[in-house]
Amino acid sequence: RLIQITKDSWDKRDKKKRYWEPDKEGISLHVAGALMPRAFRFMDALIKLLEYRGHEFRKNQYGYTVAVVDGIEIEVYLREASKRVPATGGYSGTELVPTGDLIFQVGKYSDQKEWRDGTTPIEGLLARIVAKLELMAEIEKEQEEQRRLRQIEREKQEAIERAVAQRKQKEVQDFKALIHSAERFDEVTKLRHYVRAVKDQAGPLDEQTRKWVLWAEQKINWMDPLVDAPDEIFTDHDLAHYKEW
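In this report, the structure presented in the accompanying data block is examined. All values reported here derive from a predicted model rather than from experimental measurement. (Residues numbered from 1 in each chain as written. Predicted model: local features only at pLDDT ≥ 70, side-chain atom pairs only at ≥ 80, totals over all residues. Heavy atoms only, no water.)

Here we come to the environment of H30. Relative to the helices and strands, H30 is located in strand β1 (residues 29–30). Judged by its relative accessible area of 44%, H30 falls in the partly exposed class. Through-space distance from the C-alpha of H30 to that of E140 is 27 Å; in sequence the pair is 110 residues apart. In this structure, H30 is in contact with Y77, L78, R79 and E80, ignoring residues within four places of it in sequence. (Helix = DSSP H or I, 4+ residues; strand = E, 2+ residues; numbered from the N terminus. Buried < 20%, exposed > 50% of the residue type's maximum accessible area, 1.4 Å probe, protein only. Contact = heavy atoms within 4.5 Å.)

Relative to the helices and strands, L102 resides in strand β5 (residues 94–106). Overall, the relative accessible area of 0% leaves L102 in the buried class. As a C-alpha pair, L102 and E75 span 27 residues in sequence and 17 Å in three-dimensional space. Here L102 is in contact with V31, L35, R38, L78, R79, E80, W115, R116, D117 and I122, once residues within four sequence places are set aside.

We now examine a nonpolar patch on the surface. Together, F175, L178 and I179 line one region of the surface with nonpolar side chains, adding up to about 300 Å² of accessible area. Note that I179 resides in helix α3 (residues 126–202). (Patch = residues over 30% accessible without salt bridge, like charges linked within 9 Å, V, L, I, M, F, W, Y side chains within 5 Å. Areas by Shrake-Rupley, 256 points an atom, 1.4 Å probe, with all protein chains shown as cover. Salt bridge = Lys/Arg side-chain N within 4 Å of Asp/Glu carboxyl O.)

Turning our eyes to something else, we now look at the packing of aromatic side chains. By convention here, two paired aromatic rings are described through the distance between centres and the angle between planes. Counted by the stated rule, this structure contains four aromatic pairs. For the ring pair F42 and F104, a centre distance of 5.3 Å and an interplane angle of 65° mean the geometry is edge-to-face. Of this pair, F42 sits in helix α2 (residues 36–52) while F104 sits in strand β5, placing them 62 residues apart in sequence. Taking the relative accessible area as the measure of exposure, F42 reaches 1% and is therefore buried. On the basis of relative accessible area, F104 is assigned to the buried category, the value being 0%. On the basis of an interplanar angle of 85° and a centroid distance of 6.2 Å, the ring pair of Y194 and W212 is categorised as edge-to-face. Of this pair, Y194 sits in helix α3 while W212 sits in helix α4 (residues 207–223); the two residues are 18 residues apart in sequence, bridging distant segments of the chain. The aromatic ring of W10 is capped on one face by R13, whose charged end is 3.6 Å from the ring centroid. Sitting over the face of the ring of F234, K219 holds its NZ or CZ atom 4.3 Å from the ring centroid. (Phe/Tyr/Trp six-rings, centres within 6.5 Å; stacked < 30°, edge-to-face > 60°. Lys NZ or Arg CZ within 6 Å of the ring centre and 35° of its normal.)

Core analysis: the biggest nonpolar cluster contains 34 residues, and M43, L46, F57, L78, F104 and L133 have the highest contact counts within it. Of all the secondary structure elements, the ones that give two or more residues to this core are α1 (2–11), α2, β3 (65–69), β4 (72–86), β5 and α3. Of the residues forming this core, the biggest block, eight residues, is contributed by α2. In this structure, L46 is in contact with F57, F104, L126, I129 and V130, ignoring residues within four places of it in sequence. By size, the runner-up hydrophobic cluster in this structure holds nine residues, among which are V188, V195, I220 and Y242. (Core = buried A, V, L, I, M, F, W, Y, C linked by side-chain atoms within 4.5 Å.)

Turning our attention to the packing of α2 against α3. It is at 10 Å that the axes of α2 and α3 come closest, and there the two elements cross at 50°. As summarised for this structure, α2 and α3 are arranged oblique, according to the angle between their axes. Here the hand of the crossing between α2 and α3 comes out right-handed. Between α2 and α3, the residues in contact are F42, A45, L46, L49 and L50 and L126, A127, I129, V130 and L133, respectively. Among the residues making up the contact of α2 with α3, the classes are represented as ten nonpolar, no polar and no charged. (Axes fitted to C-alpha atoms, helices over the stretch in contact; angles between N-to-C directions. Parallel < 35°, antiparallel > 145°, perpendicular 65-115°, else oblique. Left-handed = near helix turned anticlockwise from the far one by under 90°. Nonpolar A, V, L, I, M, F, W, Y, C, P; charged D, E, K, R; others polar.)

Along its 77 residues, α3 runs 112 Å from first to last C-alpha, staying within 8% of the 114 Å computed at 1.5 Å per residue. Turning to α3, its buried residues number three or more, namely L126, I129, V130, L133, M136, A137, R184, V188 and V195. (Expected span 1.5 Å × (residues − 1).)

Shown next, in the form of structure tokens:
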């Protein structure tokens, strides 16, 4: 199907234009017109061999032609080799001219591999090309698995670090509460001593002193972390901020 779409686009091209842009559904073949039939035959044979091996050949979402091997997309590219020669027509410098040799390229960047016409034309290298694609897919699958395992380890480590941070945060809050309770207990102890001293000093309590002692003991019981009695006037907010009064 891809070959037919590409061939139809080629047959319908504007022959006045120097460069040909295939239909967006077709394959980009950067070769001179004389080599186009051979390019079609090569790509057709490659697609059929890939499908025979259980793989796919298609255009991906970015418009690149890819072989899909075991779920791994590998970009492929067929072009005609060129060489630099002295410019013609009285111009100085050099220009690129096609050589008639085909180059088939797979992958990109550091993983790029290419084959070109030589003693053996690239048609005779189809088995090697497919074997290389399968090897590249296998390596990529292994790397994906390693990345997946590393991601799992990262997530586990991040979860541990979050748990430690959360535990520390709770420990800090609990320790602050402990300090606050201890400070309240110290204050309460001093207050109880003071109220007892007042009672001892007063001897027999008159009504006013007796009411004051009762009021003071209620407030102290409200403040005491070991009693934690409710108060009609003071609140928990007051308890947390009584030092700011």
